[in-house]
Amino acid sequence: MTQSTIVPVGSFRTGRLAEGRPQALDAWRVTTDDAEVAARIANLLGGQPQPNEGGGKLAHEVLTKVETVRVLMDGPDAVAAHMILWGSKGTIHQCDGLEFLSPEEKKGQPCGCPPVFEDRKVAAKEGRGPMPSINLTFRIAAEPALGEFHFMTSSWQMAAQLSDLTDALKRVNGPAICDLTLELVAYATKMGRGICYRKPVVTVLGSPDTVTIEPPQVAEPTPTPAPSPTPPQGQASP
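Fair warning: this is a prediction, and the values are worked out from it, not measured in the lab.

### Considerations on helix α2 (residues 117–125)
- Regarding α2, the residues found buried are R120, A123 and A124. Down the axis of α2, the buried set is contained in an arc of 100°. They therefore lie on one face.
- The positive-phi residue at the C-terminal boundary of α2 is G127, with phi of around 80°.

### A short note on helix α1 (residues 35–45)
- If you check which residues of α1 are buried, you get V37, A38, I41, A42 and L45. For α1, the arc enclosing every buried residue in end-on projection is 140°, short of the 170-degree limit, so these residues lie on one face. Relative to its buried face, α1 has exposed residues pointing more than 90 degrees away, namely E36 and N43.
- Two or three places before E36, at the start of α1, stands the capping residue D34, its side-chain oxygen 2.8 Å from that residue's backbone nitrogen.

### Quick look at the pairing of strand β12 (residues 194–206)
- Two strands pair when backbone bridges link them, and strand β11 (residues 176–188) and β12 are joined in this way by 12 bridges, in the antiparallel orientation. Within β12, the residue paired with L184 across the bridge is R198.
- A loop of 5 residues connects β11 with β12, the two strands running antiparallel in sequence, and G192 in this loop sits at a positive phi of about 90°.

### What about the confidence of the model for the protein?
- Here the protein shows a mean pLDDT of 88. Residues at 70 or above account for 88%.
- Predicted confidence is poor over residues 228–238, with pLDDT under 50, and the contacts of this stretch with residues over four places away or in other chains come to 10 contacts.

### A word on the side chain of K199
- Considering the arrangement of structural elements, one finds K199 in strand β12.
- A relative accessible area of 17% places K199 in the buried class.
- Once residues within four sequence positions are removed from consideration, K199 is found in contact with Q157, T181, L182, E183 and V185.

### Concerning the pairing of strand β4 (residues 60–63)
- As defined by bridge partners, strand β2 (residues 21–32) adjoins β4 across 4 bridges and the pair is classed as antiparallel. Within β4, the position partnered with T32 by the bridge is H60.
- Where strand β3 (residues 49–51) lies against β4, 3 bridges are found, and the strand directions are antiparallel. Within the sheet, the bridge partner assigned to Q50 lies in β4 and is E61.

### Section: unusual backbone geometry
- S102 connects to P103 through a cis peptide bond whose omega is 0°.
- By the secondary structure assignment, P103 is in the loop between β8 (100–102) and α2.
- Positive phi is not limited to glycine here, since E19 has a value of about 55°.
- Along the chain, E19 falls in the loop between β1 (10–18) and β2.
- Here E19 falls in the exposed class, since its relative accessible area comes to 85%.
- Positive phi, close to 60°, is recorded for N173, a residue that is not glycine.
- Following the sequence through the fold, N173 ends up in the loop between α4 (162–172) and β11.

Analysis parameters
Residues numbered from 1 in each chain as written. Predicted model: local features only at pLDDT ≥ 70, side-chain atom pairs only at ≥ 80, totals over all residues. Heavy atoms only, no water. Buried < 20%, exposed > 50% of the residue type's maximum accessible area, 1.4 Å probe, protein only. Helix = DSSP H or I, 4+ residues; strand = E, 2+ residues; numbered from the N terminus. Arc of directions from axis to C-beta. Polar contact = N/O pair within 3.5 Å; in protein donor to acceptor, adjacent residues only side chain to side chain. Pairing = 2+ DSSP bridges. pLDDT = per-residue confidence, 0-100. Contact = heavy atoms within 4.5 Å.

Take a look at the structure:
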């Protein structure tokens, strides 16, 4: 899919570096090189503009107060996705799941990735296969003139739903109002250990003519609960 060639004014992120260690966030983080854009994001989504010390090359960051942002996506071309495996010297494997996208001498040839989605996940986990690389391009629905933003993710959950997302965008047949959400996932393993994380989800709502550009007023995102300690063997968790 072909995305806009306009240079994005900023990036949406799900985490940052804190004292050199990766930190997952409960609300969206936005980075930009434009101080005015940072100020507008803070006004629209909460938080305070500050120097970017959380990772990435852009100068400013805003730790927003929201887990859902209403955005405007310009049809299925706003979604770009491929599979990529990195090595110490750069890209080892880049494909669309069926054919190589690079290097040029292999472009169009079968890539050899497993046809079954779960098998692809196993191969990636074992370092034998590529990971998803998904890039979403959008504008803030409440202020589209602010410019285009992008969000990049390697989420397998989003990769599994890409065909549904692009089909929904096609049905709108034009710019689509969507909710971009950091959805909380919480469950317990068979051993009773609590697992919590947030996954990015895009919900296509409809055209700007039929959907309000402002999301419903909601409270600040619920902090992700700390994982429950694994109980001793044979002891049920409380």
